[in-house]
Each structure stands twice: as structure tokens, then as C-alpha cells.
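Fold and geometry: a report
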Amino acid sequence: QKLPVTVLSRCLQFSLKRLPASLIGERLKFIASAEKLSFEPAAIGLLARAAEGSMRDALSLMDQLIAFGGGAIGEANARSMLGTIDRGHVTRLVEALARGDGVALLAEVRELDRDAPDYDRALVDLATLLQRVAIVQVVPDAAAQDEDFDAALLTRLAGTISAEDTQLYYQIALAGRRDLNMAPEARIGFEMTLLRMLAFRPDTAAPSPKPGTAGTS
């Protein structure tokens, strides 16, 4: 912006955009296959999303994971290196939300806290699963095409949670990330986000008639 217009008019300008995670993932798979490296698709997906649109960062992360995993690109090592939580924790949290089970929800948070997780990343993973569930609720066949989550799991959750609750949980997860830094502790902020999901749910029940209005015309 500081260059004179006369200079800019003689320059080639390139508008660089962030690459989609799917494209980054395909490139990482190609490189891993060409180098004859053992890899798990879920690990590639984690690296692609962590790169946040940068192919250079994705390659750097893959190099780190190769060194971290002794030459293999595995999901468990990727989660450990990136600070993401085990997918089982996220699944059990969503299942507890679907049941409205606050006891199970807080018990899972206690179990999760033993691994000293990155709670911001935990909310990212939670929102990601909810987004996949929302897609399957609209397009059921999309479950079979998901590389990150089991198709049977997505189908089951899509049938267990209402579409309204799924959308609400997703929005609360996003708001929870925004408020996490203002919480007394990261775990407290994470717990309150989950409890907010239980406390604020769409009221799908039909409104009760007002007293004295029955039978009136």
C-alpha cells in the first residue's frame, strides 16, 4: 500500500490464499507415499488442519512427526505432538450431552484433565465433531465419506441429537473458545461451556394453554 501507483501498475500482484485442509491432506499423502512412509489417514488429517492453510507449515509439521514417531505418521503420535485430545474423549462428551447426563459429562472432564490437555484444542475437536454430525443430519450419505470419524458413530449421533441441539452446541463451543482466556482456569472455562450446553437447550415442547382460554372462541 505504500508503493506509488505508478510503481504498482508495473508490478505483478499475487493474492495468496489459504489452502483447504483437504488439498493439503492429499498432498501430504502423496509425499508420504512417494517416500514410502507408513501413515494413518487420521494423522494426515490432523496435520492438514493444524497447518491452518499453509502448505509450508504442513510439511514442517510432517517432518516433526516423522522424527517424533520414528519414521511413522501415526494418529496417536500426531495427537501427542499437536496437543489434541483422544477422539474417544470427544465422543463420550457428545454422547453425555445427548443423554443430558451431567454426571457422566463432568466425570469425562476429570478423566480428560489427567492428560493436561489444551482445552482450547479440546473445544476445537468438540466443535469439529458437532459439525460433522450436523452434516450427516442433512446428508446421511456423508458419514461414509468422512475420513476422520467412524461412519457408524456419526450416523448414531446424528440420530440421537436433534438438529437444533447440534447447532446450539456448536455455537456454544465457539463462544467457549472466545471466553476461555477470561475463565479463572482453562478447565473451569471448559466445564462451564459444557454445562452451558446442558442448561440452554431449545424448547421443543408445545406451549401450554393459558388458564381460562380452553374452549374459548
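Source: prediction; values computed, not measured.

**Examining the overall build of the protein**
Scanning the protein for helices and strands turns up eleven helices and zero strands. Listed N to C, the secondary structure of the protein is α-α-α-α-α-α-α-α-α-α-α in terms of helices and strands. Computed over C-alpha atoms, the radius of gyration of the protein comes to 22 Å, more than 25% over the 17 Å expected from 2.2 N^0.38 for 217 residues, which places it beyond the range of a compact globule. Dimensions along the principal axes, computed over C-alpha positions, put the protein at roughly 80 × 55 × 40 Å. Within the protein, buried positions represent 39% of all 217 residues. Taking as baseline every contact in the protein between residues at least 6 positions apart, the subset at least 24 positions apart corresponds to 65%. Here the protein has roughly 13200 Å² of accessible surface; of this, 55% comes from carbon and sulfur atoms. One finds the centroid of the 24 positive side-chain charges in the protein at a distance of 6 Å from the centroid of its 28 negative side-chain charges.

**With respect to the pattern of salt bridges**
Scanning the entire structure with this criterion turns up ten salt bridges. The closest approach of N and O atoms between glutamate 108 and arginine 92, which form a salt bridge, is 3.1 Å. Taken together, the residues glutamate 108 in helix H7 (residues 102–113) and arginine 92 in helix H6 (residues 87–99) connect sequence positions 16 residues apart. Since its relative accessible area comes to 10%, glutamate 108 is described here as buried.

**Structural notes on a nonpolar patch on the surface**
Side chains of Leu12, Phe14 and Leu16 sit close together on the surface and give an oily, nonpolar patch of about 470 Å² of accessible area. Within the element layout of this structure, leucine 16 appears in the loop between helix H1 (5–8) and helix H2 (21–34). On the accessibility criterion, leucine 16 (80% relative accessible area) is exposed.

**A word on the environment of glutamine 131**
Within the element layout of this structure, glutamine 131 appears in helix H8 (residues 119–138). Residue classification places glutamine 131 among the partly exposed positions, given a relative accessible area of 31%. Through-space distance from the C-alpha of glutamine 131 to that of isoleucine 188 is 24 Å; in sequence the pair is 57 residues apart.

**Topic: the packing of helix H4 (residues 55–68) against helix H5 (residues 75–82)**
At a closest axis distance of 10 Å, the pairing of H4 and H5 adopts a crossing angle of 115°. One way to sum up the angle between H4 and H5 is to call them roughly perpendicular. Pair H4 / H5 crosses with right-handed handedness. Across the interface between the two elements, Leu61, Gln64, Leu65 and Phe68 of H4 pack against Asn77, Ala78, Ser80, Met81 and Leu82 of H5.

**Brief notes about the nonpolar core**
Within the largest apolar cluster, 34 residues are counted, with the highest numbers of intra-cluster contacts made by Leu126, Leu129, Phe190, Leu194 and Met197. Contributing elements (two or more residues each) for this core: H6, H7, H8, helix H9 (151–160), helix H10 (163–179) and helix H11 (186–199). Considering each element in turn, this core owes the most residues, nine residues, to H8. Residues Leu28, Ile44, Leu46 and Leu65 belong to the second largest nonpolar core, which totals 17 residues.

**Some words on the packing of aromatic side chains**
If you walk through the whole model with that rule in mind, you get one aromatic pair. Centre to centre, the rings of tyrosine 119 and phenylalanine 190 are 5.1 Å apart; their planes meet at 40°, and the pair counts as tilted. Highlighted residues: tyrosine 119 in helix H8 and phenylalanine 190 in helix H11, separated in sequence by 71 residues.

**Thoughts on the confidence of the model for the protein**
Residue-level pLDDT values for the protein average 86, and 92% of them are 70 or greater. H5 is the least confidently modelled element of the protein, averaging 84 in pLDDT, while H10 averages 94, the highest of any element.

**Topic: H4**
Counted at 1.5 Å a residue, the expected span for H4 with its 14 residues is 20 Å, and the 20 Å between its end C-alpha atoms agrees. On its buried face, H4 sits against H2, helix H3 (41–50) and H5. Where H4 terminates, the next one or two residues include glycine 70, which has phi positive at roughly 65°.

Rules used in this analysis
- Residues numbered from 1 in each chain as written.
- Predicted model: local features only at pLDDT ≥ 70, side-chain atom pairs only at ≥ 80, totals over all residues.
- Heavy atoms only, no water.
- Helix = DSSP H or I, 4+ residues; strand = E, 2+ residues; numbered from the N terminus.
- Rg over C-alpha atoms; globule rule 2.2 N^0.38 Å.
- Buried < 20%, exposed > 50% of the residue type's maximum accessible area, 1.4 Å probe, protein only.
- Contact = heavy atoms within 4.5 Å.
- Areas by Shrake-Rupley, 256 points an atom, 1.4 Å probe, with all protein chains shown as cover.
- Lys, Arg positive; Asp, Glu negative; His and termini not counted.
- Charge placed at Lys NZ, Arg CZ, Asp CG, Glu CD.
- Salt bridge = Lys/Arg side-chain N within 4 Å of Asp/Glu carboxyl O.
- Patch = residues over 30% accessible without salt bridge, like charges linked within 9 Å, V, L, I, M, F, W, Y side chains within 5 Å.
- Axes fitted to C-alpha atoms, helices over the stretch in contact; angles between N-to-C directions.
- Parallel < 35°, antiparallel > 145°, perpendicular 65-115°, else oblique.
- Left-handed = near helix turned anticlockwise from the far one by under 90°.
- Core = buried A, V, L, I, M, F, W, Y, C linked by side-chain atoms within 4.5 Å.
- Phe/Tyr/Trp six-rings, centres within 6.5 Å; stacked < 30°, edge-to-face > 60°.
- pLDDT = per-residue confidence, 0-100.
- Expected span 1.5 Å × (residues − 1).

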